[in-house]
Amino acid sequence: LYFIASQNPPTQAMAKPTRKALARVQRKGAKKHTPDVTVVDLKDHMMGRAAAVIAKQLLLGKRITVVRVDECNIAGSEIRNKVKYLNFLRKKKLTNPKLGPFHRRAPSEVFTRVVRGMIPFYTKRGKSALRRLQAFEGVPSSVARKGQRVVIPK
């Protein structure tokens, strides 16, 4: 176990493997860990409140898939929200608008942007947290098979 047999005998005794190396050999045959994914159904939820709860769970290391984002509600009247979004659409880089900011229209991408505003996105911890989030409009077939969906309590 400590050395590989060869024709030439070693001049010095080979060093014992480290604990780390032995642990790696033991893990070789172990089953790969797949993290649990929480599927959250956002139908009739308030977008900001749900995003705050989900952002906290992402920072704690949970993997979250959000479905039916298109059916969640945004606080305030429809006209107020439309005016706010139109003001957001006006924001662009004057010299070259292709450089951003980018205004996503899909509900799942709007939700992801809301969550992004609630985490420290420009740190390694925040970027990895946002990578653990998946958002969908409706319920895709890959998620529908995974079992029950949870809701965020009021």
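This text follows the structure it describes.
Reading guide: rules and limits
Residues numbered from 1 in each chain as written. Predicted model: local features only at pLDDT ≥ 70, side-chain atom pairs only at ≥ 80, totals over all residues. Heavy atoms only, no water. Helix = DSSP H or I, 4+ residues; strand = E, 2+ residues; numbered from the N terminus. Buried < 20%, exposed > 50% of the residue type's maximum accessible area, 1.4 Å probe, protein only. Contact = heavy atoms within 4.5 Å. Areas by Shrake-Rupley, 256 points an atom, 1.4 Å probe, with all protein chains shown as cover. Axes fitted to C-alpha atoms, helices over the stretch in contact; angles between N-to-C directions. Parallel < 35°, antiparallel > 145°, perpendicular 65-115°, else oblique. Left-handed = near helix turned anticlockwise from the far one by under 90°. Nonpolar A, V, L, I, M, F, W, Y, C, P; charged D, E, K, R; others polar.

**Quick look at the overall build of the protein chain**
Scanning the protein chain for helices and strands turns up 6 helices and 3 strands. The order of helices and strands in the protein chain, counted from the N terminus, is α-β-α-β-α-α-α-β-α. Relative to its full complement of 154 residues, the protein chain shows a buried share of 22%. Nonlocal contacts in the protein chain, meaning residues at least 24 apart in sequence, comprise 72% of its contacts between residues at least 6 apart. With an accessible surface of roughly 12400 Å², the protein chain has 55% of that area assigned to carbon and sulfur atoms.

**With respect to the packing of helix α2 (residues 47–59) against helix α4 (residues 107–116)**
The geometry of α2 relative to α4 is characterised by a closest axis approach of 9 Å and an angle of 60° between their N-to-C directions. Between α2 and α4, the interaxial angle falls into the category oblique. Regarding α2 and α4, the two cross each other, and that crossing is right-handed. When α2 is examined against α4, the residues Met47, Ala51, Ile54, Ala55 and Leu58 are found in contact with a partner set consisting of Val110, Phe111, Val114 and Val115. Among the residues forming the contact of α2 with α4, the class breakdown is 9 nonpolar, no polar and no charged.

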